[in-house]
Amino acid sequence: MFDKLKKIFEKISSLNKSLDEYKKDTVIQSLPSLTYVNRAKKFIDQKKLDEAEKILQKALELPQKDALVYKYLGVVYEKAGKFDMAVDSYQTSADLNPQDRNIWQRLGFMLISTGKYENALKSFENADKIQPGNTDTYTGWGMAFMKLGKYNEAREKFMRAADIYKYNFNAIFLCAVMEIKLKMYDKADMKLAFLANVCPDANNTFEFARLKALKEDINNAIHYALKSLEFNPNMLPAYILLGQIYAGKFDFDNALKYFKAAEEKNLVNPLFFLEYGKMFQKFEKYDDAKIKFLKSLEMDSENTETLANLGLCCVTRKEYDEAQPLLEKSLKKEPENFVVKQALGIIAFENNETDKAISFFRSNDEEPVNAYYLAKCFERLQNDTKVKDYYESAIYHNPKYIAAFTDYAKYLILHDEFAEAQRKLRKALKIDENNTVLLNLMFYASYRLVKDNVCEYNVKETILIADKIERINPDLFEYSEEKLELIRLLPQKPERE
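Predicted, not measured: the structure shown is a model, and the values here were computed from it.

Asks: Let's hear about the confidence of the model for the protein chain: which residues, and what values?
Replies: Overall, the prediction assigns the protein chain a mean pLDDT of 92, with 93% of residues at 70 or greater. Within the model, pLDDT remains below 50 along residues 15-30, and this stretch shows 27 contacts once partners closer than five positions in the same chain are excluded.

So this is what it looks like as structure tokens:
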């Protein structure tokens, strides 16, 4: 999005048609200053901006102030990236010749570049009064409204710009972006589909991908995100979006693949590391998550979302002293922050403040972590019905939630529901087949079922679970005596004579 705005700005910066409109200046100029301006124009065309500035500065020494001199001095400063100086020059030119629409336009764009959005609105309004119905004026006008967060007004201006000139693809694109902001997804879809077919590029195909993700059209979201990377392999937002999409699909390998690809290209910023950390956190890889959150915080120490997620990560790692200042700072900035409430709920649970914890988690009881802790809260309160409901909710909304599977299986075993525990553990072991905690639980649940109904095949299968744990690490197997008991249940082979 930001790359697109930069390109749009660069395109609109050539509003003078590569300065072809020099000949159309309407103000009658005195010959000496016009001579200076014409000489400066040649240097501007040759991109010799220092030489052009020197000539125009000489023109300023003439007794009569000339709007055209200030106008092209503004052009020099704009091209040199000296936007504050460009604003001053364009403003002086506009004061001297308030009937030049082009000056008001240039001034408007420079005011946007310097963050003076309200002043930019007035500048574009002046340009429209002088020459109504100019597509570039309305595009800039919309950009100023957009920067002010006035998305409805921005959308109206972009639509007007596109109505005036139907090939103003920049205005169509920005209009679609505003419609996404306003949740007018179907309208945005039509515009972005048009752009993806007529003038596809990295930016509009990425925005189309983002829209498809918002509409939960995941396959098309992936398709257009990959298309965006074909146009621009360095399109960081596309890598982040793909990582987010695959994390949402609980596909850790592919999520990691796209975050790693961006990192290897050094396409990093605070948002990248934040989303990278959130991906790791989703898959319960809290050590990796903390590393990424810390990198994000190094780049932007005031970001509320990073502070909150790092605080939650520290809470999950039981690093409460480290978490506290992060959560407090985040809470001051955003009192209703969901992640902070989740972290505070976990702290309350760990402090045996069960009712307080429940009040935090119930704000969104379908969120997997909240559902998991609600199950643990009601387990503490011995409300068996709600325990099962919330464990089921946790693993339904996150089918790869190992902690939820583990504690649910422990709960079922504690209540002698060994067959159900076995079913849950089979699902969990498909996700993490070498998890020795799960394997130990699986062995014990299977052992208890075999004890109630001895079957040679099941005995052997249960012993194989024990063997697998011992191959991973003999010290981690918790049921050696039970294994020996099962071995004794097997038919003994006759000794050879």
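Back to the text.
Asks: How would you summarise helix α14 (residues 236-248) if you had to cite specific residues and measurements?
Replies: The first and last C-alpha atoms of α14 sit 18 Å apart over 13 residues, in line with the 18 Å expected at 1.5 Å per residue. Counting buried positions along α14 gives ten out of 13 residues, so the element sits mostly inside the fold. Along α14, the residues that are buried comprise Leu 236, Ala 238, Tyr 239, Ile 240, Leu 241, Leu 242, Gly 243, Ile 245, Tyr 246 and Ala 247. At its buried positions, α14 is contacted by α12 (202-214), α13 (218-231), α15 (252-264) and α16 (270-282). Positive phi shows up at Phe 250, right after α14, with a value of about 60°.

Asks: Can you lay out empty space enclosed by the protein for me, pointing to particular residues and giving the numbers?
Replies: Per the counting criterion, the structure on display carries two cavities of 30 Å³ or more. Here the second largest cavity is characterised by a volume of approximately 40 Å³. If you go around the second largest cavity, the residues you meet are Ala 59, Leu 60, Leu 62, Gln 64, Lys 65, Asp 66, Val 69 and Tyr 70. Considering only residue class, the lining of the second largest cavity consists of five nonpolar, one polar and two charged.

Asks: Kindly report on the packing of helix α7 (residues 117-130) against helix α8 (residues 135-147), identifying the contributing residues and their values.
Replies: A pair of packed helices can be characterised by two numbers: the angle between their axes and the separation between those axes. Direction vectors running N to C along α7 and α8 enclose 160°, while the axes themselves pass 9 Å from each other. Looking at the two axes, α7 sits roughly antiparallel to α8. Relative to α8, α7 is oriented so that their crossing is left-handed. Contacts between α7 and α8 involve Tyr 117, Ala 120, Leu 121, Phe 124, Glu 125, Ala 127 and Asp 128 from the first element and Thr 137, Tyr 138, Gly 140, Trp 141, Ala 144, Phe 145 and Lys 147 from the second. Split into classes, the residues belonging to the contact of α7 with α8 amount to nine nonpolar, two polar and three charged.

Asks: For the environment of Asp 201, give the residues involved together with the corresponding values.
Replies: For Asp 201, the location among the structural elements is in the loop between α11 (185-198) and α12. Counting along the chain gives 28 residues from Asp 201 to Leu 229, while the straight-line C-alpha distance between them is 9.6 Å. Reaching out from Asp 201, the side chain makes a polar contact with the backbone nitrogen of Asn 203 at a distance of 3.0 Å.

Asks: A description of the packing of aromatic side chains should follow, citing residues and the corresponding values.
Replies: One pass over the full model with this rule turns up 28 aromatic pairs. Plain terms: the ring middles of Tyr 165 and Tyr 167 are 5.8 Å apart, the flat faces sit at 70° to each other, and that makes the pair edge-to-face. Among the residues examined, Tyr 167 registers a relative accessible area of 47% and is labelled partly exposed. Between the aromatic rings of Phe 252 and Phe 283, the centroid separation amounts to 5.2 Å while the plane-to-plane angle is 70°, which identifies the pairing as edge-to-face. Note that Phe 252 is positioned in helix α15 and Phe 283 in the loop between α16 and α17 (286-299), a separation of 31 residues in sequence. Grouped by ring-pair contacts, the aromatic residues Phe 349, Phe 361, Tyr 372, Tyr 373, Tyr 391, Tyr 401, Tyr 408 and Tyr 411 constitute a single cluster. The residue whose ring lies beneath Arg 160 is Tyr 138, and the NZ or CZ to ring-centre distance is 5.6 Å.

Rules used in this analysis
- Residues take numbers from 1 onward in each chain, read along the sequence in its written order.
- The model is predicted, so local features are restricted to residues of pLDDT at least 70 and side-chain atom pairs to those at 80 or more, both for listing and for counting; the totals for chains, interfaces and linings are taken over all residues.
- Hydrogens and water molecules were not included; the side-chain quantities draw on all heavy atoms of the structure.
- The score called pLDDT rates the predictor's confidence residue by residue, from a low of 0 to a high of 100.
- Any two residues whose heavy atoms approach within 4.5 Å are treated as being in contact.
- Only DSSP runs of H or I reaching four residues or more are called helices, and only runs of E reaching two or more are called strands; each is numbered from the N terminus.
- Each helix should span, by expectation, one fewer than its residue count multiplied by 1.5 Å.
- Each residue gets one of three labels from its accessible area relative to the maximum for its type: buried under 20%, exposed over 50%, partly exposed in between, using a 1.4 Å probe on protein chains only.
- The pocket and cavity definitions rest on a 1 Å grid over protein atoms only: a 1.4 Å probe that fits but cannot leave marks a cavity, an open set with protein on both sides within 12 Å along at least five of seven lines marks a pocket, and residues lining either have an atom within 4 Å of a point.
- Grid points are joined across faces, edges and corners, and a volume is the space filled by probe spheres set on the points.
- Classes in brief: Ala, Val, Leu, Ile, Met, Phe, Trp, Tyr, Cys and Pro nonpolar; Asp, Glu, Lys and Arg charged; the others, Gly included, polar.
- Axis lines are fitted through C-alpha atoms, for helices just across the contact stretch, and the angle between N-to-C directions can take any value from 0 to 180 degrees.
- Angles below 35 degrees are treated as roughly parallel, those above 145 as roughly antiparallel, those between 65 and 115 as roughly perpendicular, and all remaining angles as oblique.
- By definition, turning the near helix anticlockwise from the far helix through less than a right angle yields a left-handed crossing, and turning it clockwise yields a right-handed one.
- Contacts described as polar in this section are N or O atom pairs within 3.5 Å, which, within protein, must combine one atom able to donate a hydrogen with one able to accept it, while residues neighboring in sequence count only if both atoms come from side chains.
- By convention, a stacked pair of Phe, Tyr or Trp rings (six-membered ring in the case of Trp) has centres within 6.5 Å and planes under 30 degrees apart, an edge-to-face pair has planes over 60 apart, and any other such pair is tilted.
- Think of it as a cone above the ring: NZ of Lys or CZ of Arg counts as a charge over the ring if it is within 6 Å of the ring centre and within 35 degrees of the ring normal.

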